[in-house]
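Structural characterization, general
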Amino acid sequence: MFSRIQLISIFAVALAGIANASPVEERAADITGDATYYDAGLGACGITNTNADYIVAVSTKYFDTFPGYKGGNPNKNPLCGKNIRATYKGKSVTVKVTDRCGGCAYGDIDLTPTAFSKLAPLSAGRLHGVTWNLV
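Now for a description of the structure that goes with this document.

Parameters and conventions
Residues numbered from 1 in each chain as written. Predicted model: local features only at pLDDT ≥ 70, side-chain atom pairs only at ≥ 80, totals over all residues. Heavy atoms only, no water. Helix = DSSP H or I, 4+ residues; strand = E, 2+ residues; numbered from the N terminus. Buried < 20%, exposed > 50% of the residue type's maximum accessible area, 1.4 Å probe, protein only. Contact = heavy atoms within 4.5 Å. Areas by Shrake-Rupley, 256 points an atom, 1.4 Å probe, with all protein chains shown as cover. Disulfide = S-S within 2.5 Å. Pairing = 2+ DSSP bridges. Axes fitted to C-alpha atoms, helices over the stretch in contact; angles between N-to-C directions. Core = buried A, V, L, I, M, F, W, Y, C linked by side-chain atoms within 4.5 Å. Lys, Arg positive; Asp, Glu negative; His and termini not counted. Salt bridge = Lys/Arg side-chain N within 4 Å of Asp/Glu carboxyl O. Polar contact = N/O pair within 3.5 Å; in protein donor to acceptor, adjacent residues only side chain to side chain.

**Details of the overall build of the protein**
Tallying secondary structure elements over the protein gives 4 helices and 6 strands in all. Listed N to C, the secondary structure of the protein is α-α-β-β-α-β-β-β-α-β in terms of helices and strands. Among the 135 residues that make up the protein, the fraction classed as buried is 39%. The long-range fraction of contacts in the protein, counting pairs at least 24 apart against all pairs at least 6 apart in sequence, stands at 71%. Working note: accessible area of the protein is about 7,500 Å², and carbon and sulfur atoms make up 57% of it.

**Topic: the state of the cysteines**
This structure, assessed with the given rule, holds 2 disulfides. Two residues share a disulfide in this structure: Cys45 and Cys80, whose sulfurs sit 2.0 Å from each other. On the sign convention where negative means left-handed, the S-S torsion of about -85° between Cys45 and Cys80 marks this disulfide as left-handed. You can see Cys45 sitting in the loop between strand S1 (31–37) and strand S2 (55–59) and its partner Cys80 sitting in the loop between helix H3 (60–64) and strand S3 (83–88), a full 35 residues away along the chain. With its sulfur 2.1 Å from that of its partner, Cys101 forms a disulfide with Cys104.

**Examining the sheet that holds S2**
Spatially, 6 strands are ordered S1-S5-S2-S4-S3-S6 in a closed barrel, and the strand pairing comes out mixed. With strand direction ignored, the average angle separating the axes of adjacent strands in the sheet is 45°. Judged from the 3 bridges that link them, S2 and strand S5 (residues 109–111) form a sheet pairing that is antiparallel. For Ala57, the partnering residue across the bridge sits in S5 and is Asp110.

**So, the nonpolar core**
For soluble globular proteins, nonpolar side chains are generally found buried alongside one another. Within the largest apolar cluster, 27 residues are counted, with the highest numbers of intra-cluster contacts made by Ile109 and Leu111. Leaving out residues up to four positions away in the same chain, Ile109 has contacts with Asp34, Ala35, Thr36, Val56, Ala57, Val58, Ile84, Ala86, Cys104, Val130 and Trp132. Counting 6 residues, the second-largest nonpolar core is a separate cluster that includes Tyr38, Ala40, Ala57 and Cys101.

**Quick notes on the environment of Gly46**
Note on placement: Gly46 falls in the loop between S1 and S2. Since its relative accessible area comes to 41%, Gly46 is described here as partly exposed. C-alpha of Gly46 to C-alpha of Pro74: the two residues are 28 residues apart in sequence and 7.9 Å apart in space.

**Considerations on the side chain of Asp108**
Here Asp108 lies in the loop between strand S4 (91–101) and S5. Despite its burial, Asp108 pairs with no opposite charge; the closest candidate is Arg126, at 4.3 Å N-O. A distance of 2.8 Å separates a polar atom in the side chain of Asp108 from the backbone nitrogen of Asp34. Aside from chain neighbours lying at most four places away, what touches Asp108 is Gly33, Asp34, Val58, Ser59 and Arg126.

**Some words on the pattern of salt bridges**
Tallied over the entire structure, the rule returns 2 salt bridges. Taking the shortest distance from any N to any O, the salt bridge between Asp34 and Arg126 comes out at 3.1 Å. Note that Asp34 is positioned in strand S1 and Arg126 in the loop between helix H4 (113–116) and strand S6 (127–134), a separation of 92 residues in sequence. Owing to a relative accessible area of 42%, Arg126 belongs among the partly exposed residues under this scheme. In this structure, Arg100 and Asp64 form a salt bridge, with 2.7 Å as the shortest nitrogen-oxygen distance. Of this pair, Arg100 sits in strand S4 while Asp64 sits in helix H3, placing them 36 residues apart in sequence. With a relative accessible area of 28%, Arg100 lands in the partly exposed category.

Okay, structure coming up:
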């Protein structure tokens, strides 16, 4: 059996591991949702992009609850500038987070036309069952 000191030591080590987890580790699991595309411009991260850029807008709910974001100025969200890899029917694209999507459900993403076209033709309009994660 464990002594009281051994149990306290095990508990302290476990808490230290939780405290040192990075935001990417907390959100490392694949997320599934729909993908659409939009005309890029000035995004929530304060970066102006064009439709030729490989960028993504994640849902407002995901963006606003990202670990380390304290609200207020969205330019200061630690999610800004991170890359995600989106996959659909065996095709993948890596894009940079520069915006949030107010009309998206939690797992949905909004891509530039250039990024979307790496997964499917623009005529598809909306892709169901796209998986993505931070990379």
